[in-house]
Amino acid sequence: MDGRAAADGAARKASTRFVIGDRVRWNSEAGRVSGTIIAIHTADFDYKGHRHHASPDDPQYEIKSDKTDHVAAHRGHVLQRVRGAGGA
């Protein structure tokens, strides 16, 4: 791992922290999606048939979509907090 890759990894781990109930948005294959954080994982976990890696320094968040019942798991560095009412 070169210096830039190490710095990128550190920046991702230092990304914004979220709490259950926070409204966030992210990019998906279908475009911008917004939702509410319903769980925070700080240890490796199985989700939708896949092993996801998480730690206290690099948690993954489960987010329920505002428009559907779909639940997604993402790291904090891909999420943006949605401020105020109205959402994304």
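A few points on the structure. (Residues numbered from 1 in each chain as written. Predicted model: local features only at pLDDT ≥ 70, side-chain atom pairs only at ≥ 80, totals over all residues. Heavy atoms only, no water.)

### Considerations on the nonpolar core
No. 1: Ranked by size, the top nonpolar core spans 9 residues in total: Phe-18, Val-24, Trp-26, Val-33, Ile-37, Tyr-61, Ile-63, Ala-72 and Leu-79.
No. 2: Where this core is concerned, the elements lending two or more residues are β1 (23–28), β2 (31–41) and β5 (60–65).
No. 3: Among the nonpolar cores identified, the runner-up in size contains 5 residues, and Phe-45, Tyr-47, Ala-54 and Ala-73 belong to it. (Core = buried A, V, L, I, M, F, W, Y, C linked by side-chain atoms within 4.5 Å. Buried < 20%, exposed > 50% of the residue type's maximum accessible area, 1.4 Å probe, protein only. Helix = DSSP H or I, 4+ residues; strand = E, 2+ residues; numbered from the N terminus.)

### Quick word on the pattern of salt bridges
No. 1: In this structure the tally under the stated criterion is 5 salt bridges.
No. 2: For the salt bridge of Arg-51 with Asp-46, the shortest nitrogen-to-oxygen distance reads 3.3 Å.
No. 3: A relative accessible area of 48% means that Arg-51 is categorised as partly exposed.
No. 4: Relative accessible area serves as the criterion here: at 58%, Asp-46 is assigned to the exposed category.
No. 5: Salt-bridge contacts for Lys-64 lead to Asp-69; the nearest nitrogen and oxygen are separated by 3.7 Å. (Salt bridge = Lys/Arg side-chain N within 4 Å of Asp/Glu carboxyl O.)

### So, the sheet that holds strand β7 (residues 80–81)
No. 1: Taken in spatial order, the 5 strands of this open sheet run β6-β5-β2-β1-β7, and their pairing is antiparallel. In this open sheet, the two strands that pair with only one neighbour each are β6 (71–75) and β7.
No. 2: As paired elements, β5 and β6 share 5 bridges and run antiparallel to each other. Looking across to β6, one finds that Lys-64 is bridged to Val-71. (Pairing = 2+ DSSP bridges.)

### Description of the side chain of Ser-65
No. 1: Structurally, Ser-65 can be placed in strand β5.
No. 2: A residue is classified by how much of its surface remains accessible, and Ser-65, at 11% relative accessible area, is buried.
No. 3: Polar contacts involving the side chain of Ser-65 include one to the main-chain amide nitrogen of Thr-68, which spans 3.3 Å.
No. 4: Apart from residues no more than four positions distant in its own chain, Ser-65 is found in contact with Val-33, Ser-34, Gly-35 and His-70. (Polar contact = N/O pair within 3.5 Å; in protein donor to acceptor, adjacent residues only side chain to side chain. Contact = heavy atoms within 4.5 Å.)

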